[in-house]
Every structure is written in structure tokens, then in C-alpha cells.
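If you want the building blocks of each chain, they are given just below.
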Amino acid sequence: MTRSEQAALTGGTNSVGTVEQQGKAQPRLRSQAERFLKMRETGLILILLALVIAMSLASPHFLTWENMEAMAMAFAVDGIVVVGMTVLLISGGIDLSVGSVTALAMVVAGWLFLQGVDPWLASGVAVLVSVAVGAAMGFLVTKVGLHHFVVTLAVLVIARGLCLLFTGGRPLGLYDLPASFKFIGQGTVGPIPIVILIFVLVVVAFDFMLRRTTAFRKVFYTGSNEKAAAYSGIRTKRVIFLTTTLCSALCGIAGIIYLARFGSAQPTFGIGMELSVIAAAVIGGASLSGGSGTILGATLGTILLSVVSSSLVLLDVSVYWQEVVRGSILLAALLIDHYLTRRRTTGRSA
């Protein structure tokens, strides 16, 4: 056989192999595309893109750097709380006290600073107070047997009352906060605010842990079926206790960032925050029944709500109608969650 014949034969074989590989790759790509289109996050991305395009046509101020930065600053700190709420919802719990606990961290840190305590030390104490509040709620849920809803509703009122008690109902003006402390709320690295960098770090860290670590996978098993998870050896009460404490801890961190950003402690700060935080998590795919949710989805839900709020302001919609729209979005998220939960339950039983 000549070299030309061998080359022709080899080339023919390679061509056949290439065709076979292409034939196998096409169904794989098709299945990956179908999986991507079925993801909850894909729908949110498409909705966000459509809303951004519509608003860029409706208002010349929407795509300006100032408005983009304002929206990012608005959702970044709330997004830290949303991360904690998402993890808690996945475990089967819920926290209605996030707004009050965030305000309590602000007030405790601000009050201590006015008493002469170093702002960093005061902030550490405030975060520890938030952790203690979360641990107390976790104890009442896991050891006493009370429901998350009832416990966190009571703490919502208690924490807000403590805020008013510490401040006399008036904001605490913290005019002497050092620049090094205010940097975490007002500083930038290049054009990017520190607040956004902290938010991205929290999102990436918790997204990785939920997807890759065994400890956080137990959160999904606990939320899906607590009894089955307990029979398999998972200490479900411990999981619920830790996720409840974690949510309050992130509220404390968010409160400190807000304190550094605004330079004051508002006793009425965070009223209604629990509704927007729960809505963002549920819109992103976290189920109120537990067992499902992603940090990426919750982040997209937070961004979506921020874009909606900014759009309503730019379109000069009445403040009263803005509340109606936000409530309607929450109701729509709950209806979607109810539908998906029913379909998932029906599918399992079938």
C-alpha cells in the first residue's frame, strides 16, 4: 500500500470519527440547552433583560452610571440579608425579624460608640448581639418546639422595642465616626463601592458552600424531609439552630454596613424589610416549604426587586402605588412557589 493510500485511508477514518463525535455532541448540547432553559434563574435573567431594555427606552436616566450605582448600593446590603434568609428557607425555617435585628445591630453599635467605645469593637459587640438573638430563636424552635413564624414575629416586636428604648425613638447622629470605619459603607476600590464587593464575596462564598460542601448539603436534606434526614443520621435540630443563627448574624453585618454608610443609627430602620427579603428569596426559587433554593436565584430576585423599585421612581409612580406593586410581586412569588411545590409533590407521589 502506498503512502498516499495510507493517508487517504487514515483521513477517511478520522473523518468518520469526527462525524461520530459531532453526532454525539449535538444531543449533549441540546440537553444542556434544554436544562438551562428550564432553570428558574434563566427565567429571571430573561425578565431582567426585558425590564432593563424597556426602562432604557422609557427613561434616559435609567442606564446612567449614577442610577446603576444607586441600584447596586440599594440591593447589595439587603442582598446580604437575603442570603441568610435563603439558607434558612432551604432548611425549612423563616425569619420575620430580619428588619428589626438589622436595626438593633445599628442601634447597639451606635449607642456604644456614643459611650466612647471604639467603633470596630462596638460593631463586633453588635454582631454578637445579633448572633445571640438568632441563637435564642433557634433554641426556642429546636428545643422548646415553637414555630419559626411565631418566634420570629415576637422577636420582631421585641427587637424594635429595644431599638426605641436605646434611642428614645430618635435617630443617633454619629458625626465623629472615623473615616477608616465609614470606608466599609462609603469607600470604593476604583469605581466599585466596597459595599458591592462585600456583597459579591458573601454571595460567592455561600453559593460555593451550598453547592460543594457536605455540611451545607445537609440544609437541603433537612428542609426536604426533616424526619427522613433525622433517620439517616443528620442532626436536623442542629442544622435548623445554625441556619437561624446564621440569618441573624448576617443581619448584624448588614446593620453595621448601613451604620457606616449613613453615619447614623435609625431605630425605625428596616420596617417592612422582611417582606422584600422573603420575596427576593422566593422569586429566586427558595421554597417556603423548604428543601430548594439557590444563592444565585436569590441574588437575581434581589436585583429584580431593586430594578422594579428604581423603575417606579423614575416613572414617577405614586409612593402608594409602589407599595401595591411590591405587595403584588410578593403575592405572585408565593403563588408561583405554591404551584411549583404542588407539582413537585405530585410528581413524587406519582
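What this report covers is the structure whose coordinates are included nearby. The structure presented is a predicted model; accordingly, all values stated were derived computationally and were not measured. (Residues numbered from 1 in each chain as written. Predicted model: local features only at pLDDT ≥ 70, side-chain atom pairs only at ≥ 80, totals over all residues. Heavy atoms only, no water.)

**What to know about the overall build of the chain**
Part 1 of the reasoning: Within the chain, the regular secondary structure consists of 14 helices and four strands.
Part 2 of the reasoning: Counting only residues that meet the buried cut, the chain has 44% of its 350 residues in that class.
Part 3 of the reasoning: A sequence separation of at least 24 residues applies to 78% of the contacts in the chain between residues at least 6 apart.
Part 4 of the reasoning: A total accessible area of about 18,300 Å² is found for the chain, and carbon and sulfur atoms account for 67% of it. (Helix = DSSP H or I, 4+ residues; strand = E, 2+ residues; numbered from the N terminus. Buried < 20%, exposed > 50% of the residue type's maximum accessible area, 1.4 Å probe, protein only. Contact = heavy atoms within 4.5 Å. Areas by Shrake-Rupley, 256 points an atom, 1.4 Å probe, with all protein chains shown as cover.)

**With respect to the environment of Thr222**
Part 1 of the reasoning: Here Thr222 is to be found in helix H9 (residues 214–224).
Part 2 of the reasoning: By relative accessible area, Thr222 is classed as buried at 2%.
Part 3 of the reasoning: Spatially, the C-alpha atom of Thr222 lies 8.7 Å from that of Arg235, the residues being 13 residues apart in sequence.
Part 4 of the reasoning: With residues near it in sequence (within four places) discarded, Thr222 still touches Ser91, Ala229, Ile234, Thr236, Val239 and Ile240.

**Regarding the pattern of salt bridges**
Part 1 of the reasoning: Enumeration according to the criterion identifies two salt bridges in this entry.
Part 2 of the reasoning: Between Arg211 and Asp207 there is a salt bridge, and its shortest N-O distance comes to 3.0 Å. You can see Arg211 and its partner Asp207 sitting in helix H8 (residues 194–212), four residues apart, about one turn around the helix.
Part 3 of the reasoning: By relative accessible area, Arg211 is classed as partly exposed at 45%.
Part 4 of the reasoning: Notably, a salt bridge pairs Glu226 with Lys237, separated by 3.5 Å at the nearest N-O pair. In this pair, Glu226 is assigned in helix H10 (residues 226–231) and Lys237 in helix H11 (residues 236–262), connecting sequence segments 11 residues apart. (Salt bridge = Lys/Arg side-chain N within 4 Å of Asp/Glu carboxyl O.)

**Describing helix H13 (residues 295–314)**
Part 1 of the reasoning: Taking 1.5 Å of rise per residue, the 20 residues of H13 would be expected to cover 28 Å, and the 29 Å separating its terminal C-alpha atoms lies within 8% of that figure.
Part 2 of the reasoning: Counting buried positions along H13 yields 15 of 20 residues, so the element is predominantly enclosed.
Part 3 of the reasoning: In this structure Thr294 caps H13, since a side-chain oxygen of it lies 2.9 Å from the backbone nitrogen of Gly297. (Expected span 1.5 Å × (residues − 1). Polar contact = N/O pair within 3.5 Å; in protein donor to acceptor, adjacent residues only side chain to side chain.)

**Here we look at the state of the cysteines**
Part 1 of the reasoning: In this structure the tally under the stated criterion is zero disulfides.
Part 2 of the reasoning: Of all cysteine sulfurs in the structure, the one in Cys251 sits closest to Cys247, which takes part in no disulfide; the separation is 4.7 Å.
Part 3 of the reasoning: Of the residues examined, Cys247 reaches a relative accessible area of 0% and is grouped as buried. (Disulfide = S-S within 2.5 Å.)

**Considerations on unusual backbone geometry**
Part 1 of the reasoning: Positive phi, normally seen in glycine, also occurs at Asp316, with a value near 60°.
Part 2 of the reasoning: Mapping Asp316 onto the fold places it in the loop between H13 and helix H14 (319–349).
Part 3 of the reasoning: By relative accessible area, which is 68% here, Asp316 ends up exposed.

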